[in-house]
Amino acid sequence: MREQRTYSTDAIILKHSDLGEADRVLTLLTPYKGKIHAVAKGVRRPVSRKSGHLELLCQSRLYIAQGRNLHIITQAQTSDAFLALRQGDDIWYRTCAIYLAELVDRFVEDDTQHEDVYNLLLLALKTLDEDARKVQQQHLDDSSEPEHERDRSMLLLRYFEIYLLSCIGYEPLLRTCAHCDAELEPVVNGFTPSLGGALCPNCSQLWAQKISPNALKVLRLLQRTEWARVPHLRLDPRLHAEVAMAMHGLLRYHLERELKSWSFLEMLISLPPESK
């Protein structure tokens, strides 16, 4: 019998499902092996030493035995639990993180290396965790709700979406017309997911939704700027809705389906901050 090969890897837990009476199948995003599936045996038992290191959205260091069908997790150690994000009273940040994990799970194929996507998701989780921690501290200090942090996290979602599409080969066209390749002018242009981006006024008369110069400017900024250098923009709700609509149109087109977390996230956006 061929001996199982073992290896260690960092991983972010994207989702999990129960298997049998005590086991659990985990979907993991790793930097060098891509998205993989592995069994954590006995992890649902109260005495399991691995359970606390294999929670949803955690980043952990795993030791894995490569089986014929599924990998088997033999050891696990938490690298970053993102406790403020996962266990805080504010469900906004947790829902944002679940949405991003679902996006990655849908877009990234199994066993395909995507170190850039791994780093992107890790950056987003760390940012959301920091923002959630700030909100919790503000609550402890009995101060007002920091709406600006929520504005920042919504901008982070759009940043993540646009970079994820670029990483997997669906980079949106935002500077030249997706149909005639003409350079786009700072006027009301068109936008169509089926052609992958923006259209000039001549090409968008019959088959595209309109997109304002400011919305296109925000998308271009996010597409070409590292997150640490993105200005602390405070978009008015109408402008952010326009930017979100353009990105979600692209995501729906490429996925050919809705995401489970979309409707809940949109419902939270519509609520006043103190209700979230």
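Everything quoted here is computed from the prediction, not taken from an experiment.

### Looking at the sheet that holds strand 4 (residues 59-66)
Line of reasoning, step 1. Taken together, five strands build a closed barrel; the order of strands is 1-2-3-5-4 and the barrel is mixed. Between one strand axis and the next, the sheet turns through 50° on average, direction left out of account.
Line of reasoning, step 2. For strand 4 and strand 5 (residues 71-80), the ladder comprises seven bridges, and the chain directions are antiparallel. Its bridge partner lying in strand 5, I64 is registered against I73.
Line of reasoning, step 3. The sheet strands contacting helix 2 (residues 91-107) are strand 1 (5-19), strand 2 (23-30) and strand 3 (34-40), and the helix crosses strand 1 at an angle near 110°.

### Observations concerning the sheet that holds strand 8 (residues 209-211)
Line of reasoning, step 1. On the basis of which strands lie adjacent, the open sheet formed by three strands has the order 7-6-8 and antiparallel pairing. With one partner strand each, in any of the chains shown, strand 7 (197-199) and strand 8 form the two edges of the open sheet. Pairwise comparison of adjacent strand axes, ignoring direction, gives a mean angle of 45° for this sheet.
Line of reasoning, step 2. Bridging between strand 6 (residues 189-192) and strand 7 involves three bridges; their strand directions are antiparallel. Among the inter-strand pairings, F191 is bridged to a residue of strand 7, identified as A198.
Line of reasoning, step 3. Against the sheet, helix 5 (residues 213-223) contacts strand 6, strand 7 and strand 8, and its axis sits at roughly 75° relative to strand 8.
Line of reasoning, step 4. Helix 6 (residues 237-255) contacts strand 6, strand 7 and strand 8 of the sheet and is inclined by roughly 130° relative to strand 8.

### Observations concerning the nonpolar core
One recurring pattern in soluble globular proteins: nonpolar side chains tend to sit buried together.
Line of reasoning, step 1. One finds Y99, L100, L103, L121 and F160 to be the most contacted residues of the largest nonpolar core, which totals 67 residues.
Line of reasoning, step 2. Counting the residues that make up this core, at least three belong to each of domain 1 (6-80) and domain 2 (86-269).
Line of reasoning, step 3. If near-sequence neighbours (up to four positions away) are discounted, Y99 is found in contact with L157, E161, H248, L251, L259, S261, W262 and L265.
Line of reasoning, step 4. In terms of nonpolar packing, the next biggest core, distinct from the first, is built from 16 residues, V43, L54, C58 and A76 among them.

### Digging into the packing of helix 5 against helix 6
Line of reasoning, step 1. Orientation of helix 5 relative to helix 6, taken along the N-to-C sense of each, is 60°, at an axis distance of 9 Å. Of the two possible hands of crossing, helix 5 and helix 6 adopt the one that is right-handed. Along its contact with helix 5, which presents N214, A215, V218 and L219, the element helix 6 presents L239, E242, V243, A246 and M247.

### Let's talk about the environment of I12
Line of reasoning, step 1. Turning to its location among the elements, I12 is positioned in strand 1.
Line of reasoning, step 2. Its relative accessible area of 0% is what places I12 among the buried residues.
Line of reasoning, step 3. Here the alpha-carbon distance between I12 and L29, two residues 17 residues apart in the chain, equals 5.2 Å.

### Observations concerning the packing of aromatic side chains
Line of reasoning, step 1. Applying the stated criterion across every chain, the model contains three aromatic pairs.
Line of reasoning, step 2. Between Y99 and W262, the aromatic rings sit 6.4 Å apart at their centres with planes inclined by 40°, giving tilted as the arrangement. Pair noted here: Y99 is in helix 2 and W262 is in helix 7 (residues 260-270), with a separation of 163 residues, a long-range link.
Line of reasoning, step 3. On the basis of relative accessibility, which here comes to 1%, the residue W262 falls in the buried class.
Line of reasoning, step 4. Judged by centre distance (5.2 Å) and plane angle (55°), the rings of Y159 and W227 are tilted. Residue Y159 is found in helix 4 (residues 147-167), and its partner W227 is found in the loop between helix 5 and helix 6; the two are separated by 68 residues along the sequence.

### A short note on the confidence of the model for the chain
Line of reasoning, step 1. Mean pLDDT for the chain: 89, with 92% of residues reaching 70 or above.
Line of reasoning, step 2. Within the chain, the lowest mean pLDDT, 79, falls on helix 7, and the highest, 97, falls on helix 5.

### Looking at the domain arrangement of the chain
Line of reasoning, step 1. What the domain assignment reports for the chain is domain 1 (6-80) and domain 2 (86-269).
Line of reasoning, step 2. Computed over C-alpha atoms, the centres of domain 1 and domain 2 are 29 Å apart.
Line of reasoning, step 3. It is L29, K35 and L57 that lose the most area in domain 1 upon contact with domain 2, and together they represent 35% of the buried surface on that side.
Line of reasoning, step 4. For the interface between domain 1 and domain 2, the tally reads three salt bridges.
Line of reasoning, step 5. Residue D105 pairs with K15 through a salt bridge whose shortest N-O separation is 3.2 Å.

### Digging into the side chain of D129
Line of reasoning, step 1. Within the secondary structure layout, D129 lies in helix 3 (residues 115-140).
Line of reasoning, step 2. Among the polar contacts listed, one links the side chain of D129 to the side chain of R133, at a separation of 2.8 Å.
Line of reasoning, step 3. Setting aside residues no more than four positions away along its own chain, D129 makes contact with F82, L83, A84 and L85.

Scoring rules and cut-offs
- Residues numbered from 1 in each chain as written.
- Predicted model: local features only at pLDDT ≥ 70, side-chain atom pairs only at ≥ 80, totals over all residues.
- Heavy atoms only, no water.
- Pairing = 2+ DSSP bridges.
- Helix = DSSP H or I, 4+ residues; strand = E, 2+ residues; numbered from the N terminus.
- Axes fitted to C-alpha atoms, helices over the stretch in contact; angles between N-to-C directions.
- Contact = heavy atoms within 4.5 Å.
- Core = buried A, V, L, I, M, F, W, Y, C linked by side-chain atoms within 4.5 Å.
- Buried < 20%, exposed > 50% of the residue type's maximum accessible area, 1.4 Å probe, protein only.
- Domains from an automatic or database assignment.
- Left-handed = near helix turned anticlockwise from the far one by under 90°.
- Phe/Tyr/Trp six-rings, centres within 6.5 Å; stacked < 30°, edge-to-face > 60°.
- pLDDT = per-residue confidence, 0-100.
- Buried area = accessible area lost by both parts, 1.4 Å probe.
- Salt bridge = Lys/Arg side-chain N within 4 Å of Asp/Glu carboxyl O.
- Polar contact = N/O pair within 3.5 Å; in protein donor to acceptor, adjacent residues only side chain to side chain.

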